[in-house]
Amino acid sequence: EAIRGMGDACRKLETPVTGGNVSFYNESPDGAIFPTPTIGMLGIIDDVSKVVSSAFKNHGDDIILLRTPVLTVGLDGLGGSEYLRMITGEITGNAPLCDLESEKNLIALLIKLADKGLINSAHDVSEGGIAVTLAECCFGMATERPLGANITLPLEAHNAAQLFGERQGMVVLSASGEMIDRILSLANELAIEAMIIGNVQGDRLKINDSIDESVSDLYSIYTSSLSALLETEDALIA
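Parameters at a glance
- Residues numbered from 1 in each chain as written.
- Predicted model: local features only at pLDDT ≥ 70, side-chain atom pairs only at ≥ 80, totals over all residues.
- Heavy atoms only, no water.
- Helix = DSSP H or I, 4+ residues; strand = E, 2+ residues; numbered from the N terminus.
- Buried < 20%, exposed > 50% of the residue type's maximum accessible area, 1.4 Å probe, protein only.
- Contact = heavy atoms within 4.5 Å.
- Areas by Shrake-Rupley, 256 points an atom, 1.4 Å probe, with all protein chains shown as cover.
- Pairing = 2+ DSSP bridges.
- Salt bridge = Lys/Arg side-chain N within 4 Å of Asp/Glu carboxyl O.
- Axes fitted to C-alpha atoms, helices over the stretch in contact; angles between N-to-C directions.

Visitor: How do you make sense of the overall build of the protein chain when you look at a structure like this?
Guide: For the protein chain, the count of helices and strands is 7 helices and 11 strands. Per-residue burial over the protein chain gives 32% buried out of 238 residues. Taking the contacts inside the protein chain whose residues are at least 6 apart along the sequence as the reference set, 79% of them involve residues at least 24 apart. Of the roughly 14300 Å² that the protein chain leaves accessible, carbon and sulfur atoms contribute 53%.

Visitor: Help me out: how do you make sense of the pairing of strand β10 (residues 204–207) in this one?
Guide: Residues in a regular strand project their side chains so that they alternate between the two faces of the sheet. Side chains Leu205 and Ile207 of β10 all project onto a buried face; the interleaved residues Arg204 and Lys206 project onto a face where none is buried. Relative to β10, strand β7 (residues 149–151) runs parallel, the two being bridged by 3 bridges. Within β10, the position partnered with Ile151 by the bridge is Ile207. Sheet topology places β10 next to strand β11 (residues 211–214); 4 bridges connect them, and they run antiparallel. By the bridge assignment for β11, Arg204 is matched with Ser214.

Visitor: Which parts of the structure should I look at to understand the pattern of salt bridges?
Guide: Side chains bearing opposite charge may pair, as long as their charged atoms lie close to each other. This structure, assessed with the given rule, holds 7 salt bridges. Taking the shortest distance from any N to any O, the salt bridge between Asp8 and Arg11 comes out at 3.0 Å. Linking Asp8 with Arg11, this pair stays in helix α1 (residues 2–12), spanning 3 residues, or about one helical turn. Of the residues examined, Asp8 reaches a relative accessible area of 40% and is grouped as partly exposed. Judged by its relative accessible area of 60%, Arg11 falls in the exposed class. We note a salt bridge from Glu193 to Arg67, for which the minimum N-O separation is 2.9 Å. Here the residue Glu193 occupies a position in strand β9 (residues 193–200), and Arg67 occupies one in strand β5 (residues 62–67), the gap between them amounting to 126 residues. Overall, Glu193 belongs to the partly exposed group, its relative accessible area being 36%.

Visitor: Whenever I open this one, the sheet that holds β5 confuses me. Can you help?
Guide: The pairing of strands in a sheet comes from backbone hydrogen bonds and takes either a parallel or an antiparallel form. Here we have 7 strands laid out as an open sheet, ordered β6-β8-β5-β9-β7-β10-β11, and mixed in their pairing. Strands with a single pairing partner mark the edges of an open sheet, and in this sheet they are β6 (121–124) and β11. Between one strand axis and the next, the sheet turns through 20° on average, direction left out of account. Strands β5, β6, β7, β8 (170–175), β9, β10 and β11 of the sheet are contacted by helix α4 (residues 129–139), whose axis makes an angle of about 155° with β10.

Spelled out as structure tokens, the structure:
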């Protein structure tokens, strides 16, 4: 089913695939691992000066959330998510659906915004949900000049789903104020929801009343997570 889904996506997005690998049978000392389909791809950027990276660039920039229409309200993105695995230790639940037509429009919008020089950063929402995405956006210059963010999200009763759900079709942008009207207009033309959710400021990541952390502290945890995990496993073996 997953392979058919990838095939459908490649055809809809007109994406050539040059090669790949699907490891269905690999095992670790503890048993079988999950299937790990991997696709190798190449792309051409005609003008490298228009490349947009994921990190926030300037204090004072507005932060915009792009979002495709929600397909199924009940699928909040927590199914199979990193958050669910960390909290419960289980990998379970239904993954969110993906509207390929809307995804194609979202990609077209991002290309337009980059080509016209309207945005300073862009980062897709994926593992860890929007909370982790926003933290990673703050990390780009963390070793030189930490850039924090003050975010207001339309959080509902289930904050975890809004903060850590891995719903498809979401991208976090940053842009200077004078570009906002053009960004919102282009998003509207392609039926992509766009909302200002905050701005780049200070050296802390603040999301509603749920998160208020130093970017430097978060970056330290983020960059030391693998070594900490390996040390824990070594201790358990010993």
